[in-house]
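Chain by chain, the residues:
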Amino acid sequence: MTVSLFDNPPLVSQPAAQPVPAPTPAAAQAPAPAPIVSNLVPLTQEDVKRALPNHLRASVTQNLVDTLNQISNDPVVAENIRDNFVSYTSVLKDGKFKTEDYLSAVTYVSFKLMGFNNEDAYARTFPLRYSALLGKGASKKDISAYVSAYHKGKLVNLIMEQSLVPVWVLNQDLAQKAINHLAVLMTTANSEKVQAEAAIGLLAHLKKPEPKGGFQINLDTTESSGMRDMREMIEKLASQQQELIKSGQMKTIDVAAARLINKEEATDV
């Protein structure tokens, strides 16, 4: 069974050894916290395949599914990564990326979204790789370079772009505070100029949005050549039918039952 990517915590420099405190009497010890029970239902190969584009479904192995199911011992983190794995699959439609690389990039971005800095997110995503760097004595500068290179990779940035929240959504509370302040200035400011500017600002921010979209009604009444030809043909046909009715060669009921036949239709018959 595949070992979880996050069995190990982020690897950082160890602090100096601290003196061990005297053991606390058993009666004074706090009860151990209850273990976190995960209610996540393990994913199957079919579940993962349905989440991926058609051209990548054949690459879904049980090893990949096991890695995704064991991505973290923390059920909250695991659920977050699994949700993001499904949410950002649109980036796989364009570009040739491996599913394993996609899972790593989603994991890295998930930790970034949780507030971890680049190096911590990298260490949690690649604990063995990060441990190897520390084991061979890589300098802080070298590690930062490796982390920066991964952070600037195309796949990571495509996923980061998908995860961005529009500024106007992220700052809705500030926008409402600004509108409230404008309303206060409009009614209480000592300067009439400030009152007028606040009123103009309110009108600008509270006006009804302009309609968007490509649906437009064209009211141009200019007659095209095709419409003109059709109109002239119908007028000519009506005149001919009137003459035939007057001469008794056609009855009114026959004219009402008549229909126009496309020339191509008549040829095919």
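All values derive from a computational prediction rather than experimental measurement. (Residues numbered from 1 in each chain as written. Predicted model: local features only at pLDDT ≥ 70, side-chain atom pairs only at ≥ 80, totals over all residues. Heavy atoms only, no water.)

**So, the overall build of the protein chain**
For the protein chain, the helix and strand inventory stands at 14 helices and zero strands. Sorting the 269 residues of the protein chain into buried and exposed places 23% on the buried side. (Helix = DSSP H or I, 4+ residues; strand = E, 2+ residues; numbered from the N terminus. Buried < 20%, exposed > 50% of the residue type's maximum accessible area, 1.4 Å probe, protein only.)

**A word on the environment of Val86**
By the secondary structure assignment, Val86 is in helix α3 (residues 75-87). In the structure, Val86 is positioned 20 residues away from Val106 in sequence and 9.6 Å away in space, judged by C-alpha atoms.

**Section: the side chain of Ser163**
On the secondary structure map, Ser163 appears in helix α8 (residues 154-163). Look past the residues within four positions of Ser163 in its chain and what remains in contact with it is Tyr88, Val109 and Leu113. (Contact = heavy atoms within 4.5 Å.)

**Considerations on the pattern of salt bridges**
Counted according to the given criterion, the structure contains three salt bridges. Residues Lys193 and Glu197 are paired through a salt bridge, measuring 2.5 Å at the closest nitrogen-oxygen approach. Of this pair, Lys193 and Glu197 both sit in helix α11 (residues 192-206), four residues apart, which is roughly one turn of that helix. (Salt bridge = Lys/Arg side-chain N within 4 Å of Asp/Glu carboxyl O.)

**Brief notes about the environment of Ala196**
Along the chain, Ala196 falls in helix α11. Distance from Ala196 to Leu185, taken between C-alpha atoms, is 9.1 Å for residues eleven residues apart in sequence.

**Section: a nonpolar patch on the surface**
Together, Met230, Met233 and Ile234 make up a nonpolar patch on the protein surface, roughly 290 Å² of accessible area in all. Note on placement: Met230 falls in helix α12 (residues 225-246). Residue Met230 is classed as partly exposed on the basis of its relative accessible area of 47%. (Patch = residues over 30% accessible without salt bridge, like charges linked within 9 Å, V, L, I, M, F, W, Y side chains within 5 Å. Areas by Shrake-Rupley, 256 points an atom, 1.4 Å probe, with all protein chains shown as cover.)

**Some points on α3**
Over its 13 residues, α3 runs 18 Å from end to end, which matches the ideal 18 Å to within 8%, given 1.5 Å per residue. Summarising the contacts, the buried residues of α3 are in contact with α1 (45-51), α2 (62-69) and α4 (99-113). Between a side-chain oxygen at the N-terminus of α3 and the backbone nitrogen of Val76 the separation is 2.9 Å; the capping residue is Asp74. (Expected span 1.5 Å × (residues − 1). Polar contact = N/O pair within 3.5 Å; in protein donor to acceptor, adjacent residues only side chain to side chain.)

**Observations regarding the nonpolar core**
Phe85, Tyr102 and Ile159 are the most contacted members of the largest nonpolar core, which has 36 residues in total. Those elements that provide at least two residues to this core are α2, α3, α4, α5 (118-125), α6 (127-135), α7 (140-151) and α8. With seven residues, α4 is the largest single contributor of residues to this core. Excluding residues within four positions of it along the chain, Tyr102 makes contact with Asn84, Phe85, Tyr88, Thr89, Val91, Leu92, Leu155 and Ile159. (Core = buried A, V, L, I, M, F, W, Y, C linked by side-chain atoms within 4.5 Å.)

**Some words on the packing of aromatic side chains**
In total, this model carries six aromatic pairs according to the counting rule given. On the numbers, 5.2 Å between centres and 55° between planes, the contact of Tyr122 with Phe126 is tilted. Tyr122 gets classed as buried once you look at its relative accessible area, which sits at 4%. On the numbers, 5.9 Å between centres and 70° between planes, the contact of Tyr122 with Tyr150 is edge-to-face. Highlighted residues: Tyr122 in helix α5 and Tyr150 in helix α7, separated in sequence by 28 residues. (Phe/Tyr/Trp six-rings, centres within 6.5 Å; stacked < 30°, edge-to-face > 60°.)

**Structural notes on the confidence of the model for the protein chain**
Caution is warranted with low-pLDDT regions, since their predicted coordinates should not be read in detail. The predicted model of the protein chain has a mean per-residue pLDDT of 76, with 71% of residues at 70 or higher. Of all secondary-structure elements in the protein chain, the lowest mean pLDDT belongs to helix α14 (residues 263-268), at 51, while α7 reaches the highest, 94. Across residues 1-17, confidence stays below pLDDT 50; counting only partners more than four residues off in sequence or on other chains, it has 35 contacts. (pLDDT = per-residue confidence, 0-100.)

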